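# Report on the structure
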Amino acid sequence: QVQLVESGGGLVQAGGSLRLSCAASGMIFRIYAMAWYRQAPGKERELVADITSGGSTNYADSVRGRFAISRDNAKNTVYLQMSSLKPEDTAVYYCNAGHSWRGDFWGQGTQVTVSS
């Protein structure tokens, strides 16, 4: 079955950087759109960035210019490079894989905490 496993979260000071990874298995990775979402305590889950199967990217206004999403189809992995982190970036970050008819899948999430 499809599995998405996130890694790379942790505690970082404001202004620092982290790189999240999401390793996929049980799916034809290259045909899926991939995305990163986040959910802060008491808030709804929100889209952070996504990347199509063709490599086109899209970012939330709050992270544009600071975060970069990329994918390595040979490694079945999607990345989120996060720079200039702010305390408001603190959240659980989730990896998502989506396909028009094959379905929508989520990872278990990884905690990112940015201290001021």
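Above this note sits the structure.
Residues numbered from 1 in each chain as written. Predicted model: local features only at pLDDT ≥ 70, side-chain atom pairs only at ≥ 80, totals over all residues. Heavy atoms only, no water.

The next subject is the overall build of the protein. Helix and strand counts for the protein stand at zero helices and 11 strands. Shown N-terminal to C-terminal, the secondary structure of the protein runs as helices and strands in the order β-β-β-β-β-β-β-β-β-β-β. A compact globule built from 116 residues should have a C-alpha radius of gyration of about 13 Å, and the protein, at 13 Å, falls within 12% of that. Projecting the C-alpha coordinates of the protein onto the three principal axes gives extents of approximately 40 × 25 × 25 Å. Burial statistics for the protein: of 116 residues in total, 41% are counted as buried. Of the contacts formed within the protein by residues at least 6 apart in sequence, a portion of 54% connects residues at least 24 apart. Surface accessibility of the protein: about 6,000 Å² in total, with carbon and sulfur atoms responsible for 47%. Taken as two groups, the 11 positive and 9 negative side-chain charges of the protein have centres that lie 6 Å from each other. (Helix = DSSP H or I, 4+ residues; strand = E, 2+ residues; numbered from the N terminus. Rg over C-alpha atoms; globule rule 2.2 N^0.38 Å. Buried < 20%, exposed > 50% of the residue type's maximum accessible area, 1.4 Å probe, protein only. Contact = heavy atoms within 4.5 Å. Areas by Shrake-Rupley, 256 points an atom, 1.4 Å probe, with all protein chains shown as cover. Lys, Arg positive; Asp, Glu negative; His and termini not counted. Charge placed at Lys NZ, Arg CZ, Asp CG, Glu CD.)

Turning our attention to unusual backbone geometry. Phi is positive for asparagine 76, close to 55°, though the residue is something other than glycine. Note on placement: asparagine 76 falls in the loop between strand 7 (67–72) and strand 8 (77–82). Its relative accessible area of 26% is what places asparagine 76 among the partly exposed residues. Positive phi, close to 45°, is recorded for serine 84, a residue that is not glycine. Residue position: serine 84 is located in the loop between strand 8 and strand 9 (91–99).

Most of strand 8 is tucked away: five of the six residues are buried. Where strand 3 (residues 18–25) lies against strand 8, six bridges are found, and the strand directions are antiparallel. Considered in strand 8, the bridge of alanine 23 is made with threonine 77. As judged from the six bridges shared by strand 7 and strand 8, these two strands associate in the antiparallel manner. When the bridges of strand 8 are listed, serine 70 appears paired with tyrosine 79. Here strand 7 folds back onto strand 8 in antiparallel fashion, the turn holding four residues, of which asparagine 76 has a positive phi close to 55°. (Pairing = 2+ DSSP bridges.)

Let us now look at the packing of aromatic side chains. A full pass over the atoms with the stated rule returns two aromatic pairs. The ring of tyrosine 94 carries the charged tip of arginine 45 above its face, separated from the ring centre by 3.7 Å. The positively charged end of arginine 45 is found above the aromatic ring belonging to tryptophan 106, 4.6 Å away from the centroid. (Phe/Tyr/Trp six-rings, centres within 6.5 Å; stacked < 30°, edge-to-face > 60°. Lys NZ or Arg CZ within 6 Å of the ring centre and 35° of its normal.)

With that out of the way, let us pick up the nonpolar core. Met34, Trp36, Val78, Leu80, Met82 and Tyr93 are the most contacted members of the largest nonpolar core, which totals 30 residues. Those elements that provide at least two residues to this core are strand 3, strand 4 (33–39), strand 5 (46–51), strand 7, strand 8, strand 9 and strand 11 (110–115). The contacts of tyrosine 93, once residues within four sequence positions are left out, are Glu6, Leu20, Trp36, Tyr37, Arg38, Val48, Phe67, Leu80, Met82, Gly109, Thr110 and Val112. (Core = buried A, V, L, I, M, F, W, Y, C linked by side-chain atoms within 4.5 Å.)

A word on the sheet that holds strand 1 (residues 3–7). Read across the sheet, four strands follow the order 1-3-8-7 without closing on themselves; strand pairing throughout is antiparallel. Each of the sheet's edge strands pairs with one partner strand only, and the pair in question is strand 1 and strand 7. The sheet shows a mean angle of 15° between the axes of neighbouring strands, taken without regard to direction. (Axes fitted to C-alpha atoms, helices over the stretch in contact; angles between N-to-C directions.)

On their own, these measurements won't tell you what the molecule is for.
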